[in-house]
Amino acid sequence: MSTTTITYDDKTVRQFMIASIFWGIIGMLVGVICATQLSWWQMNGQFLEKISFGLFKGDGVQWLTFGRLRPLHTNAVIFAFVGNMMFAGVYYSTQRLCKCRTASDLLSKIHFWGWQAIIVSAAITLPAGLTRSKEYAELIWPINIAVALIWVVFAVNFFWTLAKRNEPSLYVALWFYIATIITVAMLYIVNHLSIPTSLTHSYPIFGGLQDALVQWWYGHNAVAFFLTTPILGIMYYFLPKAANRPVYSYRLSIIHFWSLVFIYIWAGPHHLLNTSLPRWLQMLGMLFSLMLWAPSWGGMLNGLLTLRGAWAKLRTDPVIKFFAAGVTFYGMATFEGPLLSIRAVNQLSHYTDWTIGHVHSGALGWNGFMAAGLFYWLAPRMWKTKLWSTALANMHFWIGLVGILLYVASMWTAGVLQGLMLGETNADGTTLKYEFVETLKAIQIEYIFRSFGGTLFLLGFFLCAFNIWKTARSGSPHNDTVEVNVPEKVRDEMPVRRALVNDPVAYLLLGILLLCLWFFLPPHADKAALAAAVLLTIKAIHAFRRDVSKWNDWHERLLHNYLPFTVLVALAAVIGGAVQIVPSLIVNRDENVEGRLQELYTPLELAGRDIYVAEGCYNCHSQMIRTLMPDVMRYGRPEHNDDFSHLGESIYDHPFQWGSKRTGPDLAREGGPLIEGSNHVRSGKRDNKWHWFHFRNPRWANDDSNMPAYPWLFEEKTDYKALPNKIAVQRKIGVPYKAMTRDEIRQGAVDQATAIAKSLFEGPAPVTYDGMEGASSAELVNAFSERKIIALIAYIQKVGAYSEQTKDGLPEATPLDPDSYRELPVKNTELRSTTQR
């Protein structure tokens, strides 16, 4: 054994920490604006006119609407605030745990500045309406590629550092970092597979149900592997350091890590409960979500029990306060998550603010407080001085805590109240008691408390920024220099094959196979597979007890070999996604659809759909009526008993638009048939003139509406030139458009736009337009046939249009589709009974 002197790269740590605080404040500020927009529609832009005393005309500022700002808020908080915080913690702890400097200073610099450039790009493009409209995956394709490249830079630098480490064994924190890097790369790449139509626009290759499934496989696991596992790694390193105690249980760490990595990836479908997602996928997502209680609480208890003997520090040390509260919020959020994945609970909570409260208890409590604890611990060490003010840090803690509690409690109350009101019927049980807008009015006080709580939390981070700035000013930048022992190389010698071929992996893979067969095999054979899985589990427990040391030695050797360890982590993460997604990609195609099959959008309707996506309408409206009686009664058509959204109705939607929150009503039945005698003009629930006035001034339709006005849609032109490329890409991804020339596409769009414009400006009671006073009907028709509002109306009037597909006899069972083993009449009967409860 020899010794060597190492100077750690703490400059990168400082840079990421400062960036995290800066972007955190920006992201939270945007969040506060978004929260107030739900209470006061004027906050969509008109407030600028007030605070500038009329110098700035703020009414109708398109880059300030809720639909465009909400993605900016979520992306800024997730990827800018938590992302930079995570990188600061990873770079600091990895160097200490590996007892070596980060492998490449150049890669560290590329990583830091590349990540900041991506954030700036997002901050410009999202308010500009350039979006993919998939939650937490809104960035356009050139930025997606930049994210993937920078993530690879980070991964190379991290694994290179592991390869040159001076510590043989991998500590717990490093396991979570490895899982983060591998799984986020897999999730991000798959969910962002798109084909560009231009430099700023693309269509995802998945559509409808497939797109929804892939999106929530990604979205749920972005929470798991971007907001949870790296922060758990930070907890396992920094919490024992702050408490000056070892981790409570190393064995519990092992169970926590492997069970979390394996189980989490399966839970995505719980975001799509009671929808047209196949029932077996809903049940699988719910089952694995419930199983998450065990590893999540195991991790929470391991963190809190690490503080044993150090609880007295809670009174004096703000770092311990933030960490203890953060871990507690982690436990609370991970208790609530599985609870919300139970179908009966989910039918009340989903599409309401209960889900928003759940998300923010994790984001503010777990991520926000862990970040604050990390910053207060790091700052004195980064500038070799003392924290400038412990009292100010304590004030930050209490202001932030009150803010979180106000926020979460108000959202819980609002969500439950709205969910109950939306489902309440009159005494005869045949009509609903409340209009949708009445539920929004009922929760306004909770919305105001939410804004106040969020403002308090933001104020706390202003105090943190000031405290860190004063701390830095009282010291000077410092890079730790230490002398470490370098042992002889007894690591990284294990072949990957030896890591995979052994009893623990064999039992696990066989168990997964049998459980999958339980879902996929026909009746009776499925029960045999389940019985075999139970017997195999008993045998595995017996084998473990018989030779515990053998299993322990295998895992210890694994921890001395980062590459086989990484391969096993990747394998654990891949299995869950593959079992859920691959069958849907194979089975759910239009040729297999029995029942309702979506009608294709015309070129103009497709352009209108892209405008709808760009404005972020999915942030308030869904296009998925659940298989629940109140939803069908509220959003369905009276003449249809089973008017929930069927699988085939959105099969050509790239991207899907099922939404995850309803601040406005569902739009799945907004469209309607062609009016008699016309090949272009449709009339759904409301006619074209209603939509004209509604987009011009939502208060015209309802005094209590919180929807912003969209005056720019009446001035800006539809991009007809882009349509040929868009339709060509749609054909590539499987939408069965017939071959059309560029002229046919444009002429078709113009003809339909002209017909819709005539329905507005001609005939009895024509509409007028302030910007063209005195213009004749012909002039108005000619001008508006190219404007966005016409294309958007065309899309809205087409939403939900489908044709009936009938096939002779009962459908045959389809391999890889477990639901198809149940006879269709039985299935339909079950669904009808569900809607009639």
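Computed from a predicted structure; not experimentally measured.

## Some words on the UniProt feature "domain: Cytochrome oxidase subunit I profile" (unreviewed entry) in the protein chain
The UniProt entry lists residues 16–507 under the feature "domain: Cytochrome oxidase subunit I profile" (unreviewed entry), expressed in the numbering used here. Each end of residues 16–507 is marked by a C-alpha atom, and these two atoms are 42 Å apart; helix forms 70% of the span and strand 3%.

## Regarding the nonpolar core
Ranked by internal contacts, the top residues of the largest apolar core, which has 191 residues, are Trp115, Trp266, Phe375 and Phe565. Looking at which element gives the most residues to this core, the answer is helix H3 (residues 66–98), with 18 residues. The residues contacting Phe565, other than those within four sequence positions of it, are Leu170, Trp175, Ile178, Phe257, Trp258, Leu558 and Leu559. Among the nonpolar cores identified, the runner-up in size contains 51 residues, and Ile651, Leu667, Phe761 and Val781 belong to it.

## A closer look at the packing of aromatic side chains
In this structure the tally under the stated criterion is 68 aromatic pairs. Pairing Trp175 with Tyr250 gives two aromatic rings, centres 6.0 Å apart and planes at 65°, and the pair type is edge-to-face. With Trp175 in helix H6 (residues 172–191) and Tyr250 in helix H9 (residues 250–264), this residue pair connects regions lying 75 residues apart in the sequence. On the basis of relative accessible area, Trp175 is assigned to the buried category, the value being 0%. Take Tyr250: its relative accessible area is 38%, and that puts it in the partly exposed class. Here the guanidinium or amino end of Arg381 rests over the ring plane of Trp377, the centre of that ring lying 3.7 Å away. The residue whose ring lies beneath Arg686 is Trp690, and the NZ or CZ to ring-centre distance is 4.7 Å.

## Some details on the packing of H9 against helix H22 (residues 562–587)
Put simply, H9 and H22 touch, their axes get as near as 8 Å, and they point 40° apart. Overall, the two elements H9 and H22 adopt an arrangement that is oblique. Contacts between H9 and H22 pair Phe257, Trp258, Val261 and Phe262 from the former with Phe565, Leu568, Val569 and Ala572 from the latter. Grouping the amino acids of the contact of H9 with H22 by side-chain chemistry returns eight nonpolar, no polar and no charged.

## Comments concerning the side chain of Thr36
As for its placement among the helices and strands, Thr36 is situated in helix H1 (residues 11–37). The residues touching Thr36, leaving out its near neighbours within four places in the chain, are Met43 and Ser451.

## Concerning helix H20 (residues 525–546)
Between the first and last C-alpha of H20 there are 32 Å, a value that for 22 residues agrees with the 32 Å anticipated at 1.5 Å per step. Buried residues of H20: Asp526, Ala529, Ala533, Leu536, Ala540 and Ala543, and no others. Along the long axis of H20, the arc covered by the buried residues comes to 90°, so they all point the same way. Turned more than 90 degrees from where H20 packs its buried face, Lys527, Leu535, Ile538, His542, Arg545 and Arg546 sit exposed.

## A short note on unusual backbone geometry
In terms of backbone geometry, most residues other than glycine have negative phi values and most peptide bonds are trans. Cis geometry marks the peptide bond from His654 to Pro655, where omega comes out at 0°. For Pro655, the position within the fold is in the loop between helix H24 (629–635) and helix H25 (688–696). Although it is not a glycine, Lys99 sits at a positive phi angle of roughly 50°. By the element assignment, Lys99 lies in the loop between H3 and helix H4 (105–125). A positive phi is found at Lys384, a non-glycine position, where the angle reads about 45°. Assignment of secondary structure puts Lys384 in the loop between helix H14 (353–382) and helix H15 (390–423). Judged by its relative accessible area of 60%, Lys384 falls in the exposed class.

Criteria and cut-off values
Residues numbered from 1 in each chain as written. Predicted model: local features only at pLDDT ≥ 70, side-chain atom pairs only at ≥ 80, totals over all residues. Heavy atoms only, no water. UniProt positions renumbered as here; feature names shortened; annotations may be inferred. Helix = DSSP H or I, 4+ residues; strand = E, 2+ residues; numbered from the N terminus. Core = buried A, V, L, I, M, F, W, Y, C linked by side-chain atoms within 4.5 Å. Buried < 20%, exposed > 50% of the residue type's maximum accessible area, 1.4 Å probe, protein only. Contact = heavy atoms within 4.5 Å. Phe/Tyr/Trp six-rings, centres within 6.5 Å; stacked < 30°, edge-to-face > 60°. Lys NZ or Arg CZ within 6 Å of the ring centre and 35° of its normal. Axes fitted to C-alpha atoms, helices over the stretch in contact; angles between N-to-C directions. Parallel < 35°, antiparallel > 145°, perpendicular 65-115°, else oblique. Nonpolar A, V, L, I, M, F, W, Y, C, P; charged D, E, K, R; others polar. Expected span 1.5 Å × (residues − 1). Arc of directions from axis to C-beta.

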